[in-house]
Amino acid sequence: MRDLYTQVLMDYYRRPKYRGRIEEADVERRLLNPLCGDEVTVYASLSDGRISDLRFEGRGCSISQASAAMMTERLLGKTLGEARAEISSFEKVMTGEGSFPEGDDLAALQGVIQYPSRIRCATLAWHALEEGLKAPDR
Ligand code: ZN
């Protein structure tokens, strides 16, 4: 099981679909995780109450970058309300409340909960988008 999850994480880490930046993004938020040396910048375009484009740039450990890749794939195209709900349920699981459904790629991150110093790695990109949606730049 552990190997399967490692494989899922490495797939996202090596082949993120939405890596890159958006010029003149409505949301641009950079967050750091100094404990691990991770860095993530999230870019989002908003239109008609939806996330019409979503990208990230960053560097750091495989957990932080794989989680950013998962976040962008999952939330692109969602309404702002749906995105907020998904972010908050993600954060709940990462603080030990409930769990991701079996077969959900996010379940690959669940093992991180056993290593409190790595939780910030997994939540970094999600927090960046959450903060950005609260106060869009444009
Ligand atoms: Zn990290």
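Structure: above.
Just so it is clear, the structure is predicted and the values come from calculations on it, not from any experiment.

Q: Before we move on, can you summarise the packing of aromatic side chains with the specific residues and values?
A: The full count for this structure, using the stated rule, is 2 aromatic pairs. Here the aromatic rings of Phe90 and Trp126 are separated by 3.8 Å at their centres, their planes lie at 5 degrees, and the arrangement is stacked. A residue pair is termed long-range when its members are at least 10 positions apart, and Phe90 in helix α3 (residues 80–94) and Trp126 in helix α4 (residues 116–134) qualify at 36 residues. We note that Phe90, like Trp126, is buried. Members of the aromatic cluster, joined through ring pairs, are Phe90, Phe100 and Trp126.

Q: An account of the environment of Ser45 is requested, with residue identities and associated values reported.
A: Along the chain, the position of Ser45 falls in strand β2 (residues 38–47). Residue Ser45 is classed as buried on the basis of its relative accessible area of 15%. In this structure the C-alpha to C-alpha distance between Ser45 and Tyr13, which are 32 residues apart in sequence, comes to 23 Å. Contact partners of Ser45, with chain neighbours within four places excluded, come to Ile22, Asp26, Arg50, Ile51, Ser52 and Asp53.

Q: I'd love a proper account of the pattern of salt bridges, names of residues and values included.
A: In this structure the tally under the stated criterion is 9 salt bridges. Residues Asp53 and Arg55 are paired through a salt bridge, measuring 3.0 Å at the closest nitrogen-oxygen approach. Its relative accessible area of 23% is what places Arg55 among the partly exposed residues. Among the ionic contacts, a cluster of salt bridges with common partners joins Arg30, Glu39 and Arg59.

Q: A description of unusual backbone geometry should follow, citing residues and the corresponding values.
A: Although it is not a glycine, Glu24 sits at a positive phi angle of roughly 50 degrees. Mapped onto the elements, Glu24 comes out in the loop between α1 (2–14) and β1 (27–33). Overall, Glu24 belongs to the exposed group, its relative accessible area being 62%. If you check the backbone angles, Asp48 has positive phi at about 50 degrees while not being a glycine. Take Asp48: it is sitting in the loop between β2 and β3 (50–59). What makes Asp48 exposed here is its relative accessible area of 80%.

Thresholds, definitions, all that
- Residues numbered from 1 in each chain as written.
- Predicted model: local features only at pLDDT ≥ 70, side-chain atom pairs only at ≥ 80, totals over all residues.
- Heavy atoms only, no water.
- Phe/Tyr/Trp six-rings, centres within 6.5 Å; stacked < 30°, edge-to-face > 60°.
- Helix = DSSP H or I, 4+ residues; strand = E, 2+ residues; numbered from the N terminus.
- Buried < 20%, exposed > 50% of the residue type's maximum accessible area, 1.4 Å probe, protein only.
- Contact = heavy atoms within 4.5 Å.
- Salt bridge = Lys/Arg side-chain N within 4 Å of Asp/Glu carboxyl O.

These figures come from the coordinates and say nothing about function on their own.
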